[in-house]
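The lines below spell out each chain.
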Amino acid sequence: MRLVHLSDLHFGAVESGRPDSLREAVEALKPDLMVMSGDLSQRGTEEELREGKAFLDSLPQPLLVVPGNHDIPHGHHLWARFNETWKIYREVVSEELEPFWQNEEIAVIGVNSVRRGGWYLDWSRGHVSRSQLRRIELWAAGLPEHLLRVMVVHHPPAAPPQGTRRHLMDKRRSLFTALNRAGIDLMMCGHFHMSYAVPLALPGMFSRSAVLSVTSTATSHRLQGEPNGFHVIDVKSDWMEVQAWTWGEAGYAISREWRFARDENRNWAGVE
Ligand SMILES: [Fe+2]
Ligand SMILES: [Fe+2]
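For clarity, every value in this text was computed on a predicted model and none was experimentally measured. (Residues numbered from 1 in each chain as written. Chains lettered and ligands numbered in written order. Predicted model: local features only at pLDDT ≥ 70, side-chain atom pairs only at ≥ 80, totals over all residues. Heavy atoms only, no water.)

Q: Tell me about the coordination of the iron ion (ligand 1), residues and numbers included.
A: At this site the iron ion (ligand 1) is bound by Asp-8 (OD), His-10 (NE2), Asp-39 (OD) and His-193 (NE2), with donor distances of 2.0 to 2.2 Å. Taken together, the 4 donor atoms coordinating the iron ion (ligand 1) and their angles of 86 to 174° define a geometry best described as irregular. Positions of the donor residues of the iron ion (ligand 1), expressed as sequence spacing, correspond to D-x1-H-x28-D-x153-H. A distance of 3.5 Å spans the gap from the iron ion (ligand 1) to the iron ion (ligand 2), which Asp-39 bridges by coordinating each metal. Here the residue His-10 occupies a position in the loop between strand S1 (2–6) and helix H1 (18–29), and Asp-39 occupies one in the loop between strand S2 (33–36) and helix H2 (46–57), the gap between them amounting to 29 residues. Taken individually, His-10 and Asp-39 each receive the classification buried, so the pair is uniform in this respect. (Donors = N, O, S within 2.8 Å, 3.2 Å for Na, K, Ca; no water. Tetrahedral: all angles 85-135°; square planar, octahedral: opposite > 155°, others 65-115°. Helix = DSSP H or I, 4+ residues; strand = E, 2+ residues; numbered from the N terminus. Buried < 20%, exposed > 50% of the residue type's maximum accessible area, 1.4 Å probe, protein only.)

Structure follows, in structure tokens:
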């Protein structure tokens, strides 16, 4: 089972020609499922989202997409941001902000961590509410035990090994408890424009770890010290390989690889 994990395409701020190179690279990888973990556009305008959606439609399918904090009206358009938060996204990209996908090997749930704002300064911050956590647990309770359980959400709940000054997802304690109970194996995020794959500790009555895949911006010039890139995730029951593909002179190529194995308690650990 092969997943290709894209994020933060940021139409409105893409490098010229980069989406075409990305499509070419991704087509050759023959994924079983494409995942786009948010920030399809730069300022959430209809034009940018239409361009982004046309690009997504041109990629191998099926493709599951969740929104990012850049996919709603910008803070300068306060009225639209608060009153028509999801109008354009729903019309242009997807009516469903939290899509599902499933086959005989894996089950995927999309979660919307974007918030329109509040009495705090950084409106790019992400959060998953109690009712969303409840929904994840209900979804998981109905799944056959053998399926790999994957959650896609824009904001990461854990920092890269090299650190970040940006906010992690809010209210992580209740999130981790819920993910532990739901038996989540893999979490796919973006937002930081940095690439890493690490075990994600999920405390609980029986503590265990999932795998966290966070990928860089695939196509935009809004770089955070790392080149454009995406992840390829190969999964075979209790084994997972995450490859980072990064942009260079010869196009997108493998730059790094992480391996993980799972024990009988759904506990994932890195393997050298
Ligand atoms: Fe982004
Ligand atoms: Fe973001």
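Q: Can you tell me about unusual backbone geometry, naming the residues and giving the values?
A: The omega angle of the peptide bond from Gln-61 to Pro-62 is 5°, so this bond is cis rather than trans. By the secondary structure assignment, Pro-62 is in the loop between H2 and strand S3 (63–65). The phi angle at Lys-171 is positive, at roughly 50°, despite the residue not being glycine. Here Lys-171 shows up in the loop between strand S6 (148–153) and helix H6 (172–182). Residues other than glycine seldom take positive phi values, yet Arg-266 does so here, at roughly 60°. Tracing the backbone shows Arg-266 in the loop between strand S12 (251–262) and strand S13 (268–271). Taking relative accessible area as the criterion, Arg-266 reaches 11% and is therefore assigned buried.

Q: Please provide a residue-by-residue account of the packing of helix H5 (residues 130–141) against H6, values included.
A: The interhelical angle for the contact between H5 and H6, taken along N-to-C directions, is 10°, at an axis separation of 9 Å. In terms of orientation, H5 and H6 fall into the roughly parallel class. Contacts between H5 and H6 involve Leu-133, Ile-136, Glu-137 and Ala-140 from the first element and Ser-174, Leu-175, Ala-178, Arg-181 and Ala-182 from the second. Across the contact of H5 with H6, the residue classes tally to 6 nonpolar, 1 polar and 2 charged. (Axes fitted to C-alpha atoms, helices over the stretch in contact; angles between N-to-C directions. Parallel < 35°, antiparallel > 145°, perpendicular 65-115°, else oblique. Contact = heavy atoms within 4.5 Å. Nonpolar A, V, L, I, M, F, W, Y, C, P; charged D, E, K, R; others polar.)

Q: Please set out the sheet that holds strand S7 (residues 186–189) residue by residue, giving values where relevant.
A: Within the open sheet, the 6 strands sit side by side as S4-S5-S6-S7-S9-S8. Their pairing is mixed. Every other strand in the sheet has two partners, leaving strand S4 (100–102) and strand S8 (196–202) as the edge strands with one partner each. Direction aside, the axes of adjacent strands within the sheet are offset by 20° on average. Lying over the sheet, H5 contacts S4, strand S5 (106–111) and S6, oriented at roughly 170° with respect to S5. (Pairing = 2+ DSSP bridges.)

Q: Mind laying out the pairing of S12, listing which residues take part and the relevant values?
A: Two strands pair when backbone bridges link them, and strand S11 (residues 239–248) and S12 are joined in this way by 10 bridges, in the antiparallel orientation. Across the sheet, residue Thr-246 finds its bridge partner in S12, namely Ala-253. A loop of 2 residues connects S11 with S12, the two strands running antiparallel in sequence. Relative to S13, S12 runs antiparallel, the two being bridged by 4 bridges. The residue of S13 that forms the bridge with Arg-262 is Trp-268. Count of turn residues in the S12/S13 antiparallel hairpin: 5 residues, of which Arg-266 carries a positive phi of about 60°.

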